[in-house]
Amino acid sequence: MVYAIVRAGGRQEKVSVGDFVTLNRVAGGAGSTIQLPALLLVDGDKVTSAAADLAKVTVTAEILQDLRGPKIVIQKFKNKTGYKKRQGHRQELTKVKITGIK
């Protein structure tokens with residue numbers, strides 16, 4: 001089984017061909033392809049972690065859709081001062097499908 005550890009959206013993800021991964025928003029529209037930098041490549045018993053060898057590895061993914069994460073509510077409160085603040089946030093995300101590891 002071939003899989004790679006890639007850096008995507010400030011995190012590291014374990015991916016193999018055919019996987020669907022949700023990343024922080026990536027530039028590009030639906031149907032376009034992106035390249036993800038590989039940090040580690042495992043091909044059966046062979047593990048590649050040298051930077052010179054990983055420079056030759058390309059992990060390609062196809063953008064499926066842009067979406068937004070769940071709403072997070074941020075509340076701040078200070079006792080006896082009348083201070084309270086409420087704020088919401090929804091993270092912008094992109095769903096991609098891994099198409100190749102070469």
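Just so you know, the residues in each chain are numbered from 1, in the order the chain's sequence is written. Per-residue local features of the predicted model are confined to residues with pLDDT of at least 70, and side-chain atom pairs are confined, for both listing and counting, to 80 or more; whole-chain, interface and lining totals are unaffected and use all residues. To get the side-chain values, all heavy atoms of the structure are used, and hydrogens and water are removed first.

Going by an unreviewed UniProt entry, the protein carries the name Large ribosomal subunit protein bL21 and comes from Pseudarthrobacter polychromogenes. UniProt positions are given in the numbering used here, feature names are shortened, and annotations may be inferred rather than shown by experiment. Regarding the protein, the relevant UniProt record gives this comment under Sequence similarities (unreviewed entry): "Belongs to the bacterial ribosomal protein bL21 family."

In this section: the pairing of strand β2 (residues 11–15). Whether two strands pair comes down to DSSP finding at least two bridges between them. The helix count covers DSSP runs of H or I at least four residues long, the strand count covers runs of E at least two residues long, and both are numbered beginning at the N terminus. As paired elements, strand β1 (residues 2–8) and β2 share five bridges and run antiparallel to each other. Counterpart to V6 in the pairing with β2 is E13.

Another point: the sheet that holds strand β3 (residues 20–24). As a general point, the strands of a sheet are linked pairwise by backbone hydrogen bonds and lie either parallel or antiparallel. Read from one edge to the other, the open sheet built from four strands follows the order β3-β10-β7-β4, with strand pairing classed as antiparallel. Because the sheet does not close on itself, it has two edges, and the strands there are β3 and β4 (33–36). Taken pair by pair, the neighbouring strands of this sheet meet at an average axis angle of 45°, ignoring direction. As paired elements, β4 and strand β7 (residues 59–68) share four bridges and run antiparallel to each other. Looking at β7, one finds that T33 is bridged to E62. Lines fitted to C-alpha atoms define the axes here, with helix axes fitted over just the stretch in contact, and angles between the N-to-C directions of these axes take values from 0 to 180 degrees.

This brings us to the nonpolar core. Grouped burial of nonpolar side chains is what soluble globular proteins tend to show. The term nonpolar core refers to a set of buried residues drawn from Ala, Val, Leu, Ile, Met, Phe, Trp, Tyr and Cys, joined through side-chain atoms within 4.5 Å. Buried residues are those whose accessible area, probed at 1.4 Å on protein chains only, stays under 20% of the maximum for their type, while exposed residues exceed 50% and partly exposed ones sit between those limits. Counting 18 residues, the largest nonpolar core has L36, V59, V96 and I98 as the members making the most contacts within it. Listing elements by their share of this core, those giving two or more residues are β1, β3, β4, β5 (38–43), β7 and β10 (92–101). Look past the residues within four positions of V59 in its chain and what remains in contact with it is A4, V6, V15, I34, Q35, L36, A38, I98, G100 and I101. Contacts: residue pairs with any heavy atoms within 4.5 Å of one another.

Now for unusual backbone geometry. The backbone of K80 sits at a positive phi, close to 70°, despite the residue not being glycine. Here K80 lies in the loop between β8 (72–78) and β9 (83–89). Under the relative-accessibility criterion, K80 is labelled exposed at 78%.

Before going further, it helps to examine the environment of T99. Relative to the assigned elements, T99 resides in strand β10. Its relative accessible area of 40% is what places T99 among the partly exposed residues. On a C-alpha basis, the gap between T99 and L40 in space is 17 Å, while along the polypeptide they are 59 residues apart.

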